[in-house]
Amino acid sequence: MKATGIVRRIDDLGRIVIPKEIRRTLRIREADPLEIFTDREGEIILKKYSPIGEMSTFAKQYAESLAQVSGHTALIADRDQFIAAAGGGKHILGKSISKELEERIENRENVMAKKGEKNFVNVASEGVEGVEHEAISPIICEGDVIGAVVLLNNDPKTSMGDVEQKLIQSAAGFLGRQMEQ
């Protein structure tokens, strides 16, 4: 654990303020759910809660199916990182999503782009090399954006079209409905 040197007092309602610098660094936004843990030494640990992370095994299987059917790299992300990857994207697993991708999914944008186009984004904070085409669809659960489904294509001769767009929209819709249950 890393000490910050910041000390905060609990108010009369039992609340404590997480400093803005820490929220910005950890990408904690207003209304983000935090999971609370305690340990034997009396420490309280706050962890960002990822509802879609709860179903990481299912998301992994779904990503594998998407990759197999589409022939592209399939990724599933929560609002912070990639929780499932298949079809050549294993090195992206656990990496943070980029600010650009975060903005697109927060704005509930479906993206279908070719490298060089203005709506093309690097999906990971640490660049993913060789991507020629991408398709992105936000996962929405009970009206809230909880993540995204992403397909990546590294072959400049093969493009993505309506089939891939419908495939990821269907996947995002299905994952969102699974989270509602």
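Here the residue numbers are simple positions, counted from 1 along each chain's written sequence. Where totals are concerned, whole chains, interfaces and linings use all residues; where local detail is concerned, this predicted model gives features only for residues with pLDDT of at least 70, and gives and counts side-chain atom pairs only at 80 or more. Note that the side-chain values use all heavy atoms of the structure and ignore hydrogens as well as water.

Undergrad: Explanation requested: the pairing of strand β7 (residues 144-153) in the structure shown.
TA: Where a strand is regular, its side chains alternate between the two sheet faces. Only protein chains enter the area calculation, which uses a 1.4 Å probe; residues under 20% of their type maximum are buried, those over 50% are exposed, and those in between are partly exposed. Put simply, DSSP marks the helices as runs of H or I at least four residues long and the strands as runs of E at least two long, and each gets a number from the N terminus on. With nine of ten residues buried, β7 is to be regarded as a mostly interior element. Looking at chain direction, strand β6 (residues 133-141) and β7 are connected through nine bridges and run antiparallel. Bridge pairing links Ile136 to Val150 in β7. Strand pairing requires that DSSP identify at least two bridges connecting the strands. The loop that links β6 with its antiparallel partner β7 comprises two residues; one of these, Glu142, has a positive phi angle of about 50 degrees.

Undergrad: Can you help me understand the sheet that holds strand β5 (residues 111-114) in this one?
TA: Within a sheet, adjacent strands bond to each other through the backbone by hydrogen bonds, running parallel or antiparallel. The strand order across the open sheet built from five strands is β4-β3-β7-β6-β5, with neighbouring strands paired in antiparallel fashion. Two strands close off the open sheet at either side, each with one partner strand: β4 (82-86) and β5. Neighbour-to-neighbour, the strand axes of the sheet open up by a mean angle of 15 degrees, direction not taken into account. Examined bridge by bridge, strand β3 (residues 73-77) and β4 share four bridges and lie antiparallel to one another. Its bridge partner lying in β4, Leu75 is registered against Ala85. The contact rule is simple, with two residues in contact once any of their heavy atoms fall within 4.5 Å. Axis definition: a line fitted to C-alpha atoms, limited for helices to the stretch in contact. Angles are taken between N-to-C directions and run from 0 to 180 degrees. Helix-sheet contacts for helix α2 (residues 56-70) involve β3, β4 and β7, and the interaxial angle to β4 is about 35 degrees.

Undergrad: Any chance you could explain the packing of aromatic side chains here in plain terms?
TA: When we look at a pair of aromatic rings, we describe it by the centre distance and by the angle of the planes. For Phe, Tyr and Trp, rings pair up if their centres lie within 6.5 Å, where Trp contributes its six-membered ring, and each pair is then called stacked (planes under 30 degrees apart), edge-to-face (over 60) or tilted (otherwise). Applying the stated rule across the entire model yields three aromatic pairs. A centroid spacing of 6.1 Å and a plane angle of 55 degrees characterise the contact between Phe58 and Tyr62, whose relative ring orientation is tilted. Taken together, the residues span about one helical turn, with Phe58 and Tyr62 both in helix α2 at a distance of four residues. Looking at Phe58, the relative accessible area reads 28%, which means it is partly exposed. One aromatic cluster in this structure is built from Phe58, Tyr62 and Phe174.

Undergrad: Help me out: how do you make sense of the nonpolar core in this one?
TA: One recurring pattern in soluble globular proteins is that nonpolar side chains are buried together. Ranked by internal contacts, the top residues of the largest apolar core, which has 22 residues, are Ala63, Ala74, Ile76, Ile139, Val149, Leu151 and Leu175. Secondary structure elements with two or more residues in this core: α2, β3, β4, β6, β7 and α4 (162-180). By residue number, the principal contributor to this core is α4, which donates five residues. When sequence neighbours within four positions are dropped, the list of residues in contact with Val149 reads Leu66, Leu75, Ala135, Ile136, Ser137, Ile139, Ile168, Ala171, Ala172 and Leu175. Residues enter a nonpolar core if they are buried and are Ala, Val, Leu, Ile, Met, Phe, Trp, Tyr or Cys, with the set joined through side-chain atoms within 4.5 Å. Counting 21 residues, the second-largest nonpolar core is a separate cluster that includes Ala85, Phe120, Val128 and Val145.

Undergrad: Can you walk me through the environment of Ala113 in this structure?
TA: Considering the arrangement of structural elements, one finds Ala113 in strand β5. Through-space distance from the C-alpha of Ala113 to that of Ile146 is 22 Å; in sequence the pair is 33 residues apart.

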